[in-house]
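Next come the chains, spelled out residue by residue.
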Amino acid sequence: MARMASDAIFTGLEGSEAPEGAALQHGHWRRRNRLSSGVEALERFLGVAGFDRAPWLAVAFAAGIAAWFGLSNAKQWLALMALCLGVGLLAAAAMRAEGRLPFLRLASILVPGAVALGCLTVWAKSEMVGAQAIPRPLVAELTGQVLGREDQPAEERVRLLLAAREPESGRAIVVRVNVPIMAASPDIVEGATIRLRARLMPPSPPMLPGGYDFARTAWFLGIAATGSALGTPVIVTPSAQGVGLARLQRRLSEHVHARLGGSPGGIASAFASGDRGGIAKADEDAMRDSGLTHLLSVSGLHVSAVIAVAYFVAIRLLALWPWLALRVRLPILAAGTAAAAGIGYTLLTGAEVPTVRSCIGALLVLLALALGREPLSLRMLAVAAVCVMLLWPEAVVGPSFQMSFGAVIAIVALHGSDPVRRFLAPREESWLARGSRRLAMLLLTGVVIELALLPIGLFHFHKTGVYGAFANVIAIPLTTFITMPLIAIALTFDLIGAGAPAWWLCGKSLELLLALAHWTADRPGAVTRLPAIGSGAFVLFLGGALWLALWRGRARLLGLVPALVAAVTLLLLRPPDLLISGDGHHVGIVEDGGNRLLMLRDSRDSFASETLTELAGMSGELTPLAEWRGARCSPEFCAVELQRAGRTWRLLIGRNKDPVAERELAAACDLSDIVIADRWLPRSCQPKWLKADRSVLGQTGGLAIDLTHGRVASVAQGQGAHGWWNPRAPDRPYLPQGSPQGQPKAPNGQ
């Protein structure tokens, strides 16, 4: 025993290093085991939660497109694509032998690849179609060929798209010009060459951070200048084209307007030909505020109605021919007939992006019906989305794409959930109970769609309707089953001159639609306005909504977390204290408490006033700054004192460009924290914090200033080096100076 103990002691002394090595090996094994367990747990989650490749690949493709818009320059775009490709290659190498992880392997390889492909797609589209804007506003005489004509009788103008030469450089450009309707000859149509004198300007960037970016839209449309005609255009060469689709569309619109006047005629024309120019502004505003404006754009509802009617009629008529019914699959023939009807309707109504997008989706539904597959699924929706994004990747960041696909995703996800399937399952019951269940489901669907579209409306339009779900319960059946069939019947009977009764009934149905829109829009609290929400909150909303829609089981409920976080940020949202347009001409000051917007210039009905009130999240009365008790105004400047966070801010705001003695101006600047002017101010004007004159605003674009926290947001911060953003060269860089609340961010992001 003693010998054995002695041997054990000596053995322990000789191997004194062994316990440490064993511990290291054991720790390495435990870490590897934990990693393996985590990987397997993630694989199980993907399998149980229903990882469907097609929808998530479409989401990743869209994320790559959105990342291209969000990142600043080519280095960042290349870095994103390299990162995605690197992740995919590493995942492929690491899981080459892991055949037991199919979901995780596909996700880690395909999703980064889709992100990189999305970024590359929109970058390539931008390089191919983007048109550099003219460098400055000018007045010039143009000679160009008409590419498109859009009549807008409600605005008393005609909008022309011309292929012309830039006056200064001679390069080929596309110009959009507004011509007074009395000066636009009916012979000015596609293919004609005209000469006119016009006032031109570059496409406008956002007036303020969070505003509509027409410059970006024009870039992808290839438009280099917009403007208005001065005088009457002269036809140099008449059009040599035949009837053409555009002329057929215009003649159809004119025919509808001749049968129905006013806004009812404008809405009927929108349904028949896609021409919305005849709808009065007040009626269009009511449709928007009541949540019915989607009915004015030919999209999924209209295309689906046309295709559904064509399919139903075709399969019924074909079934009357026994010889054909016994030898040919009628659903295939009916689907082909309906597809032809849908494509023809899409082309006739102008083939706009929302219409083409809806047509693609409807054609996929027809294909599924012909093959005996599930016609409405997330996979089908993903295929339609990818088709649209390949052709129009820029649509991803626009409200039309987001709203249309968001609404359909909400419908498919809701009706595909287990509780709803059980609720709608066939059962023995009375017609009243069955109708009540269907009506309840219709209301629930409307509410879910409104909730899904609410963050999109707030992000893009800074307001959303409250009663839209209830208004749509009446409006959608009214337009789908009454108005659109009446338009089709009226147009058909017009061939024999007997369409008047149908037109009368159609007009009454459209008057009912407008009455519903005005009644809904006039209800207290019908429209909710909020200041511009940040992109971070918007991404949280979208991420949570997609998580809820695309997963199955209880795992989808995790999507509520980011959605609730984003909702909390909305509750804490407050408007900026100062809003300054990119030209310095318009300034809005939010009164302490956020109850009133003070305007430098009283232009109540202008686009600038509407933009300022929307981005401030207000709908109340506008007050001229000169009439406010806290402002002292001369003809040239207004001196304003604002109390924010226990500090008095002194503002000096220019009212015109009249000459001012430099010494007096310099003295006034020395006493001010912020100086704002739509003119170039001399170097001697040095305020304590921020100088926003024409030179600085030319670099930054519009500004939104939070005085409480000393933050400045600018249009330039969201533009980067994209081709549509062309800031003016600075006289000299100017950064805000330090304030008692700390060093704020510079408005130009430096």
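Note: the structure precedes this text.
A brief look at the structure comes next. (Residues numbered from 1 in each chain as written. Predicted model: local features only at pLDDT ≥ 70, side-chain atom pairs only at ≥ 80, totals over all residues. Heavy atoms only, no water.)

Re the packing of helix α18 (residues 468-493) against helix α19 (residues 500-521)
Note the threshold: Each axis is a line fitted through C-alpha atoms, taken for helices only over the stretch in contact, and angles between the N-to-C directions span 0 to 180 degrees. Runs of E in the DSSP output that reach at least two residues are strands. Runs of H or I that reach at least four are helices, and both are numbered from the N terminus. Angle categories are assigned with fixed cut-offs, so that under 35 degrees is roughly parallel, over 145 is roughly antiparallel, 65 to 115 is roughly perpendicular, and the rest are oblique. Less than a right angle of anticlockwise turn of the near helix away from the far helix marks a crossing as left-handed, whereas a clockwise turn marks it as right-handed. Contacts are assigned to residue pairs with any non-hydrogen atoms lying within 4.5 Å of each other. Side-chain classes are defined by residue name, with Ala, Val, Leu, Ile, Met, Phe, Trp, Tyr, Cys and Pro counting as nonpolar, Asp, Glu, Lys and Arg as charged, and the others, Gly among them, as polar.
Between α18 and α19, the least distance of the axes is 9 Å, while the angle of their chain directions is 160°. Put simply, α18 runs roughly antiparallel to α19. Along this stretch, α18 crosses α19, giving a crossing that reads as left-handed. Contact residues: α18 offers Ala471, Ile474, Ala475, Leu478, Thr479, Ile482, Thr483, Leu486, Ile487, Ile489, Ala490 and Leu491, while α19 offers Ala502, Trp503, Leu505, Cys506, Ser509, Leu510, Leu512, Leu513, Leu516 and Thr520. Residues belonging to the contact of α18 with α19 are distributed by class as follows: 18 nonpolar, 4 polar and no charged.

Things to note about the nonpolar core
Note the following rule: To qualify as a nonpolar core, a set must consist of buried Ala, Val, Leu, Ile, Met, Phe, Trp, Tyr and Cys residues joined through side-chain atoms within 4.5 Å. Relative accessibility under 20% of the residue-type maximum defines a buried residue, over 50% an exposed one, and the middle range a partly exposed one, all with a 1.4 Å probe and only protein chains included.
Ranked by internal contacts, the top residues of the largest apolar core, which has 44 residues, are Met287, Leu292, Leu510 and Leu513. Broken down by secondary-structure element, the contributors of at least two residues to this core are α7 (244-259), α8 (262-273), α9 (281-289), α10 (300-319), α12 (330-348), α13 (353-371), α18 and α19. Broken down by element, the residue count for this core peaks at 9 residues, all from α19. The residues contacting Leu292, other than those within four sequence positions of it, are Met287, Ala471, Asn472, Ala475, Leu513, Leu516 and Ala517.

Points about the sheet that holds strand β9 (residues 578-580)
Let me state the cut-off plainly: If DSSP finds at least two bridges between two strands, the strands pair.
If you trace the 6 strands from one edge of the open sheet to the other, you get β12-β11-β10-β9-β18-β19, paired in mixed fashion. Two strands lie at the open edges of the sheet, namely β12 (622-624) and β19 (711-714), each paired on one side alone. Within the sheet, the average angular offset between the axes of one strand and its neighbour, ignoring direction, is 20°. As paired strands, strand β10 (residues 587-590) and strand β11 (residues 597-599) are joined by 3 bridges and run antiparallel to one another. What sits directly across from Ile589, in β11, is Leu598. The strands touched by helix α22 (residues 607-616) are β9, β10, β11 and β12; relative to β11, the strand with the most contacts, the crossing angle is about 155°.

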